[in-house]
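# Notes for the structure review
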Amino acid sequence: MSYLMFYAAMTDHKITEEEREHITDNFDADVVKASEKEISNDNYAQRLDKISNYVQSTDLSQSDIDSLLEQMKEMYSADGKFDSVEKGTLMILSQILKA
């Protein structure tokens, strides 16, 4: 879900070129463009609601969830940094995805 990757990339309120490249390498260009536009128009609460609704509306296996979390971790590390804010956000997203 590219929306989720953009959410993760925006943790520090900016998307680095490396993070953007990681997203565009993994998703179709039209999906990336639509997701970026959508997330830019959403506030924090709307973003979390959409992520939570996505998880509830899909039947994600534990393997799917683990894969998503690993993709987010790779995206966070794409710029060579994985700071405490990013780690905290990944932990929160992990709890949302596993709820």
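Scope of this entry: the structure provided in the associated data block. Each chain has its residues counted from 1, running along the sequence as written. Local features in a predicted model are, by the rule used here, given only for residues with pLDDT of at least 70; side-chain atom pairs are given and counted only at 80 or more, and totals for whole chains, interfaces and linings are based on all residues. The side-chain numbers reported here are obtained from all heavy atoms of the structure, hydrogens and water having been left aside.

## Observations concerning the packing of helix H4 (residues 44-57) against helix H6 (residues 84-98)
- Interaxial distance between H4 and H6 falls to 8 Å at its minimum, and their mutual angle equals 40°. Here H4 is positioned oblique relative to H6, judged by the angle of their axes. Where H4 approaches H6, its residues Leu48, Ile51, Ser52 and Val55 are matched on the opposing element by Leu93, Ile96 and Leu97. For helices, the fitted axis covers only the stretch in contact; all axes are lines through C-alpha atoms, and the angles between them, taken along N-to-C directions, range from 0 to 180 degrees. Helix and strand assignments follow DSSP, with helices taken as H or I runs no shorter than four residues and strands as E runs no shorter than two, numbered in order from the N terminus. For this classification, under 35 degrees means roughly parallel, over 145 means roughly antiparallel, 65 to 115 means roughly perpendicular, and everything else is oblique. Contacts were defined at the residue level, with two residues in contact if any of their heavy atoms lie within 4.5 Å.

## Regarding the side chain of threonine 89
- Relative to the assigned elements, threonine 89 resides in helix H6.
- Contact partners of threonine 89, with chain neighbours within four places excluded, come to Tyr7, Thr11 and Tyr76.

## Some details on the pattern of salt bridges
- Within this document, salt bridges are pairs made up of a side-chain nitrogen of Lys or Arg and a carboxyl oxygen of Asp or Glu, the two lying within 4 Å of each other. Enumeration over the complete set of coordinates arrives at four salt bridges.
- In this structure, lysine 14 and aspartate 12 form a salt bridge, with 3.5 Å as the shortest nitrogen-oxygen distance.
- Judged by its relative accessible area of 45%, lysine 14 falls in the partly exposed class.
- Across the pair glutamate 38 and lysine 50 runs a salt bridge, and its minimum N-O distance is 2.7 Å. Here lysine 50 lies in helix H4 and glutamate 38 lies in helix H3 (residues 29-41), a separation of twelve residues in the sequence.
- Buried means the residue's accessible area, taken with a 1.4 Å probe over protein chains only, is under 20% of the maximum for its type, while exposed means over 50%, and partly exposed covers the values in between. The exposure class of glutamate 38 is partly exposed, given its relative accessible area of 34%.
- Exposure remark for lysine 50: the relative accessible area of 30% places this residue in the partly exposed category.
- Residues participating in the shared-partner salt-bridge network are Glu38, Asp42 and Lys50.

## Brief notes about a negative patch on the surface
- A contiguous patch of negative charge on the surface is contributed by Asp59, Asp64, Asp66, Glu70 and Glu74.
- Summarising the element assignment, aspartate 66 is placed in helix H5 (residues 62-77).
- You can call aspartate 66 partly exposed: its relative accessible area is 39%. Candidate patch residues must exceed 30% relative accessible area and have no salt bridge, after which like charges are joined if within 9 Å and Val, Leu, Ile, Met, Phe, Trp or Tyr side chains if within 5 Å. Here the open area of atoms and residues is found with the Shrake-Rupley method and a 1.4 Å probe, where only the protein chains shown may cover a residue. Note on charges: Lys and Arg go in the positive column, Asp and Glu in the negative column, and His and the chain ends are not counted at all. For the purpose of locating charges, the reference atoms are NZ of Lys, CZ of Arg, CG of Asp and CD of Glu.

## Considering the nonpolar core
- Counting 24 residues, the largest nonpolar core has Ile23, Met72, Leu93 and Leu97 as its most contacted members.
- Of all the elements in the fold, those that place two or more residues in this core are helix H1 (2-9), H3, H4, H5 and H6.
- Sort the elements by how many residues they give to this core and H1 lands first, with seven residues.
- Leaving out residues up to four positions away in the same chain, leucine 97 has contacts with Leu4, Val55, Ile65, Leu68, Leu69 and Met72. Here, the term nonpolar core denotes a set of buried Ala, Val, Leu, Ile, Met, Phe, Trp, Tyr and Cys residues that are joined through side-chain atoms within 4.5 Å.

## Looking at the environment of phenylalanine 27
- Position of phenylalanine 27 relative to the elements: it lies in the loop between helix H2 (17-26) and H3.
- Residue class for phenylalanine 27 comes out buried when judged on its relative accessible area of 18%.
- Among all residues touching phenylalanine 27, those that are not within four sequence positions of it are Met1, Ser2, Met5 and Val32.

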